[in-house]
Amino acid sequence: MTIPATRALKGLASPDDWARGLARAPLVDVAVGRSRQTRLRRWQGTDPDVDQPALDAHYVVVHLGGAKRIRRTGEGASLVSDVASGAITIVPEGAAYAWSTQGPIDYAHFYVSPATFEHAAETTFDRDGRGVAPIDRIGGEDPVLLGLFQAMLDEAASPLGEALYIDTLGEAFIGRLLRDHSNLPPSGRRAPYALAPRRLAEVIGFIEANLAQALTLDDLAAVAKLSRYHFSRAFARATGLAPHAFVVDRRLDAAKALLRATSLPIEDVARRCGFRGASHFAARFRRATGASPSDYRRDR
């Protein structure tokens, strides 16, 4: 099994890496949500003894096909559990186990990346998502998770299945997992929306130093050391503008300064200030000032 270098350095495999090492292909394999890292898979008839590497995703198992006995060995312990059909097992990211099953080999997995899980904590529950993870358990009962699991499997297997409906069910599944089966902070610990003055100054300095570059929300959030979601809200609260609008304003201010102080061609001004070209720059500039860049330069 070949693990991509970035994950191999962390000693983690992806669900795809693991699936390629199993004796059978899944009966169901669908992406859930916009990120292909969140997936739903179902297997039948695989080897009853399976080695699961440490994964870069959390995953939830629903045990199907009838009651069975499961032995799980790894992470310093060996556990044996008799589980009913429809029971739920949860495995957090980074844990590696050897699984042995006595009984029907029929199960489904729902994989969710830590980043997606943390983002859902922030956007769904308004909590600080950093470090939020599901709680390890074997053969638990949760009728709501089971119902959502089965609804996703049914929709995925139907010739009339709707991807958007599966996505909606997946969001509800992650929400239930967060609320009832994770270390989600209590309601008193809200997500940090405040952007400290020093962080704000660092972000603005980064913007001004990189106006010619294609700045992304991820770039700015990384400077602020916040998630994209929290950064957008905190930045807007601190400046009165969304990050994109703020960057455009700074680019226009820089362009005005160059138009007043230099004789650079309009194309060069546009490039230095991060606009896609002279026509894009002219359209933005006219919308903001009511004048073309050439007229603005001549009038001043």
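Residues numbered from 1 in each chain as written. Predicted model: local features only at pLDDT ≥ 70, side-chain atom pairs only at ≥ 80, totals over all residues. Heavy atoms only, no water.

### Considerations on the overall build of the chain
Selection rule: Each helix is a run of H or I in the DSSP string that is no shorter than four residues. Each strand is a run of E no shorter than two, and both are numbered from the N terminus. Each residue gets one of three labels from its accessible area relative to the maximum for its type: buried under 20%, exposed over 50%, partly exposed in between, using a 1.4 Å probe on protein chains only. By the convention used here, residues are in contact when the closest approach between their heavy atoms is within 4.5 Å. To be clear on the numbers: accessible area is Shrake-Rupley with a 1.4 Å probe, and residue cover counts the displayed protein chains and nothing else.
Helix and strand content of the chain: twelve helices and ten strands. Along the first, second and third principal axes, the C-alpha atoms of the chain reach 85 × 40 × 40 Å. Among the 300 residues that make up the chain, the fraction classed as buried is 44%. At a minimum sequence separation of 6, the contacts of the chain that also span at least 24 residues come to 69%. Approximately 15,300 Å² of the chain is accessible, and the part contributed by carbon and sulfur atoms is 51%.

### Comments concerning the nonpolar core
Rule in force here: The definition of a nonpolar core used throughout is a set of buried Ala, Val, Leu, Ile, Met, Phe, Trp, Tyr and Cys residues joined through side-chain atoms within 4.5 Å.
Among the nonpolar cores identified, the biggest contains 29 residues, and L40, F110, F149, F173 and L178 are the most heavily contacted of them. With six residues, helix α5 (residues 163-180) is the largest single contributor of residues to this core. Once residues within four sequence positions are removed from consideration, L40 is found in contact with V28, D29, V30, V32, H109, F110, F149, M152 and L153. Formed by 21 residues, the second largest nonpolar core is a distinct cluster that contains W18, L55, V83 and A95.

### Digging into the sheet that holds strand β1 (residues 28-31)
Applied cut-off: Should DSSP find at least two bridges between two strands, the strands are regarded as paired. In this description, a line fitted to the C-alpha atoms serves as the axis of each element, helices being fitted only across the stretch in contact, and the angle between N-to-C directions of two axes falls anywhere from 0 to 180 degrees.
Judged by pairing direction, the sheet is antiparallel, and its six strands sit side by side in the order β1-β2-β9-β4-β7-β10 without closing on themselves. Each edge of the sheet is formed by a strand with only one pairing partner; in this case those strands are β1 and β10 (137-140). Geometrically, the sheet is characterised by an average inter-axis angle of 15 degrees between neighbouring strands, direction not taken into account. For strand β4 (residues 58-63) and strand β7 (residues 88-91), the ladder comprises four bridges, and the chain directions are antiparallel. Along β7, the bridge assignment pairs Y59 with V91. Packed on one face of the sheet, helix α4 (residues 143-157) meets β1, β2 (39-44), β4, β7 and β9 (106-112) and runs near 100 degrees to β9.

### A closer look at unusual backbone geometry
Comment: phi is negative for the bulk of residues other than glycine, and the bulk of peptide bonds are trans. Phi angles above zero are rare outside glycine, and E75 is one such case at about 55 degrees. Along the chain, E75 falls in the loop between β5 (68-74) and β6 (77-83).

### Some words on the confidence of the model for the chain
The condition that has to hold: Residue-level confidence of the predictor is summarised by pLDDT, bounded by 0 at the bottom and 100 at the top.
Looking at the chain, the pLDDT average stands at 89 and 93% of residues meet or exceed 70. Low pLDDT, under 50, characterises residues 1-9; the stretch is placed with 14 contacts to residues that sit more than four places away or in other chains.

### Quick word on the pattern of salt bridges
Here is the rule: By definition, a salt bridge exists where a carboxyl oxygen of Asp or Glu is found within 4 Å of a side-chain nitrogen of Lys or Arg.
The final tally for this structure, using the stated rule, is 15 salt bridges. Note that D106 and R42 form a salt bridge whose closest N and O atoms lie 2.9 Å from each other. Remark: R42 occurs in strand β2 and D106 occurs in strand β9; sequence separation between them is 64 residues. Put simply, D16, D29, R39 and R41 are held in one network by salt bridges that share partners.

### Description of the sheet that holds β5
Spatially, four strands are ordered β3-β8-β5-β6 in an open sheet, and the strand pairing comes out antiparallel. Whereas interior strands pair on both sides, the edge strands pair on one side only; in this sheet they are β3 (49-52) and β6. Recorded for the sheet is a direction-independent mean angle of 15 degrees between the axes of neighbouring strands. In this sheet, strand β8 (residues 97-102) lies alongside β3 in antiparallel orientation, the contact comprising four bridges. Of the residues in β8, the one forming a bridge with D49 is S100.

### Details of the packing of helix α6 (residues 197-209) against helix α7 (residues 217-224)
Put simply, the rule is: Put simply, a crossing is left-handed when the front helix is turned counterclockwise from the back one by less than a right angle, and right-handed when it is turned clockwise.
Contact pair α6 / α7: the axes reach a minimum separation of 8 Å and the direction vectors enclose 140 degrees. Along this stretch, α6 crosses α7, giving a crossing that reads as right-handed. Contact with α6, carried on its side by R199, E202, V203, F206 and I207, involves D219, L220, V223 and A224 of α7 and no other residues of that element.

### Here's the deal with the pairing of β8
Only one face of β8 is buried, namely the one carrying Y97, W99 and T101, since none of A98, S100 and Q102 on the opposite face is buried. Alignment of β5 against β8, held across five bridges, turns out to be antiparallel. Looking at the pairing, R69 lines up with Q102 of β8.

### What to know about the packing of aromatic side chains
We count it as follows: Two rings from Phe, Tyr or Trp (for Trp, the six-membered ring) form a pair when their centres are within 6.5 Å of each other. A pair whose planes differ by under 30 degrees is stacked, one over 60 is edge-to-face, and the rest are tilted. Over a ring means this: the NZ of a Lys or the CZ of an Arg is within 6 Å of the ring centre and within 35 degrees of the ring normal.
Inspection of every chain in the model, using the stated rule, returns eleven aromatic pairs. With 5.2 Å between their ring centres and 80 degrees between their planes, F285 and Y296 make a pair best called edge-to-face. Of this pair, F285 sits in helix α11 (residues 278-289) while Y296 sits in helix α12 (residues 293-299), and the two are eleven residues apart along the sequence. Feature note: the residues F275, F281, F285 and Y296 constitute an aromatic cluster, connected by ring pairs. Between the NZ or CZ atom of R72 and the centre of the ring of Y97, over which it lies, the distance is 3.9 Å.

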